[in-house]
Amino acid sequence: MKLILLGAPGAGKGTQATRLADQYHIPHISTGDIFRANLKEETPLGLKAKEYMDQGLLVPDELTVDLVMDRLAKPDCANGYILDGFPRTLVQAAALDAKVDIDAAINVEVPDEKIVKRMAGRRVCPKCGEPYHTEYKVPAKEGVCDRCGSLLIIRKDDEAETVLKRLAVYHDQTAPLIDHYQAAGKLITVDGTQSVEAVTDAITTALKA
Ligand code: AP5
Ligand code: MG
Ligand code: ZN
């Protein structure tokens, strides 16, 4: 199964991607997590990406596309994958279309007002990328990742002002992909304001149909 998760920042792409990856036994590929891992290691790519990420802007397509294509060529992608946060521009979508025939693009819909509230309470695992929330997804032990035991952090780009910028960039550059995948007959839209479990159920039900 080759899936794309579309949706605004904070719509729940990362949250759903881990659940779907466990369920379908396919890797979860998040470009945001890859950039953050590179930044932690202070690689040239990470330092370059940081200039854009900290401002809530997209990393340029030429840095992003090759990175994803290399990742998709790895053996663990042979039976499929979940792309979380890629493609994010029409240029990226065209590059992906040229290489692979995806099964579905899942659009997790959440209105902007709810996004701002979600981001304010988000905590993330710096090691495995798992997202948590102070109210909606509390880890078993406060401040500690359930999956890998690392101490949770607040993402630098989750400051209110940067979140608003990311939302504007989403509407301008990424939202057009909804029409792109609709036209290709690949679009599945789910209501992302439901509980985490209900969103996963809506996705898996639509994928079976
Ligand atoms: P990225 O890391 O992908 O960030 P994003 O798209 O802005 O999305 P988020 O990770 O913020 O949100 P999410 O949808 O994963 O939501 P989550 O599950 O955490 O990208 C970061 C940056 O990297 C970009 O700004 C850009 O600079 C760069 N970048 C990445 N990919 C790129 C690309 N392809 N091209 C160019 N640049 C790129 O959930 C959010 C919160 O809500 C959590 O606290 C969670 O617990 C909670 N939550 C989730 N679901 C629910 C629910 N159903 N009910 C209640 N709470 C929920
Ligand atoms: Mg994410
Ligand atoms: Zn973790």
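Look above for the structure.
Residues numbered from 1 in each chain as written. Chains lettered and ligands numbered in written order. Predicted model: local features only at pLDDT ≥ 70, side-chain atom pairs only at ≥ 80, totals over all residues. Heavy atoms only, no water.

Observations concerning the coordination of the zinc ion (ligand 3)
And step 1. Protein ligation of the zinc ion (ligand 3) involves C125 (SG), C128 (SG), C145 (SG) and C148 (SG), the donor distances falling in the range 2.3 Å.
And step 2. What the 4 donor atoms of the zinc ion (ligand 3) show is an angle range of 97 to 121 degrees at the metal, which sorts the shape as tetrahedral.
And step 3. Donor residues for the zinc ion (ligand 3), ordered by position in the chain, follow C-x2-C-x16-C-x2-C.
And step 4. The partly exposed category is assigned to C148, whose relative accessible area is 32%. (Donors = N, O, S within 2.8 Å, 3.2 Å for Na, K, Ca; no water. Tetrahedral: all angles 85-135°; square planar, octahedral: opposite > 155°, others 65-115°. Buried < 20%, exposed > 50% of the residue type's maximum accessible area, 1.4 Å probe, protein only.)

Topic: the site of ligand 1
And step 1. Taken together, the neighbourhood of ligand 1 is formed by 36 residues, with T15, L57, R88, R122 and R166 sitting nearest.
And step 2. Between ligand 1 and G85, the relevant distance is 2.9 Å, taken from a nitrogen atom to a main-chain nitrogen or oxygen of the residue.
And step 3. Within the side chain of R166, one N or O atom sits 2.6 Å away from an oxygen atom of ligand 1.
And step 4. Among the secondary structure elements, those contributing two or more residues to the shell around ligand 1 are α1 (13-24), α2 (31-40), α6 (112-120) and β6 (131-133).
And step 5. For the shell around ligand 1, the leading source of residues is α2, giving 4 residues.
And step 6. For the shell around ligand 1, the class distribution of residues is 14 nonpolar, 13 polar and 9 charged. (Near = heavy atom within 4 Å. Polar contact = N/O pair within 3.5 Å; in protein donor to acceptor, adjacent residues only side chain to side chain. Helix = DSSP H or I, 4+ residues; strand = E, 2+ residues; numbered from the N terminus. Nonpolar A, V, L, I, M, F, W, Y, C, P; charged D, E, K, R; others polar.)

Let's talk about the layout of surface pockets
And step 1. Space inside the second largest pocket adds up to approximately 150 Å³.
And step 2. As for the second largest pocket, its lining consists of R123, Y132, H133, T134, V138, P139, E142, G143 and L152.
And step 3. Of the residues assigned to the lining of the second largest pocket, the class counts are 4 nonpolar, 3 polar and 2 charged. (1 Å grid on protein atoms, 1.4 Å probe; cavity = no way out; pocket = protein on both sides within 12 Å on 5 of 7 lines; lining within 4 Å. Points joined across faces, edges and corners; volume = space filled by probe spheres on them.)

A few points about the sheet that holds strand β7 (residues 187-191)
And step 1. Ordered in space as β2-β3-β1-β4-β7, the 5 strands form an open sheet in which the pairing is parallel. Two strands lie at the open edges of the sheet, namely β2 (28-30) and β7, each paired on one side alone. Between one strand axis and the next, the sheet turns by 20 degrees as a mean value, whatever way the strands run.
And step 2. Where strand β4 (residues 104-109) and β7 come together, 5 bridges link them in parallel fashion. Counted as the bridge partner of N107 is T189 from β7. (Pairing = 2+ DSSP bridges. Axes fitted to C-alpha atoms, helices over the stretch in contact; angles between N-to-C directions.)

What to know about empty space enclosed by the protein
And step 1. Using the criterion set out here, one finds 1 cavity of 30 Å³ or more in the structure.
And step 2. The computed volume of the largest cavity comes to approximately 40 Å³.
And step 3. Surrounding the largest cavity, L5, L6, G7, K13, G85, P87, R88 and T174 form its lining.

What to know about the environment of G10
And step 1. Among the structural elements, G10 can be located in the loop between β1 (2-6) and α1.
And step 2. Residues G10 and V163 lie 153 residues apart in sequence; the distance between their C-alpha atoms is 8.9 Å.
And step 3. When neighbours within four sequence positions are excluded, G10 is seen to be in contact with I115, R118 and M119. (Contact = heavy atoms within 4.5 Å.)

Some remarks on the pairing of β1
And step 1. Summarising burial for β1: 4 of the 5 residues are buried, a large majority.
And step 2. In terms of strand pairing, β1 meets strand β3 (residues 81-84) through 4 bridges, oriented parallel. The partner of L5 across the bridge, within β3, is D84.
And step 3. Sheet analysis places β1 next to β4, joined by 4 bridges and oriented parallel. Paired with L5 across the bridge in β4 is I106.

Considering helix α3 (residues 44-53)
Because an α-helix completes one turn every 3.6 residues, residues spaced three or four positions apart along the sequence face the same direction.
And step 1. Of the positions making up α3, those classed as buried are L45, G46, A49 and M53. Taken around the axis of α3, the buried residues stretch over an arc of 90 degrees, which confines them to a single face. (Arc of directions from axis to C-beta.)

A word on the pattern of salt bridges
And step 1. Scanning the entire structure with this criterion turns up 14 salt bridges.
And step 2. We note a salt bridge from D54 to K156, for which the minimum N-O separation is 3.4 Å. Of this pair, D54 sits in the loop between α3 and α4 (61-72) while K156 sits in the loop between β6 and α7 (160-174), and the two are 102 residues apart along the sequence.
And step 3. Residue class for D54 comes out partly exposed when judged on its relative accessible area of 27%.
And step 4. Judged by its relative accessible area of 54%, K156 is exposed.
And step 5. Notably, a salt bridge pairs D101 with K186, separated by 2.9 Å at the nearest N-O pair. (Salt bridge = Lys/Arg side-chain N within 4 Å of Asp/Glu carboxyl O.)

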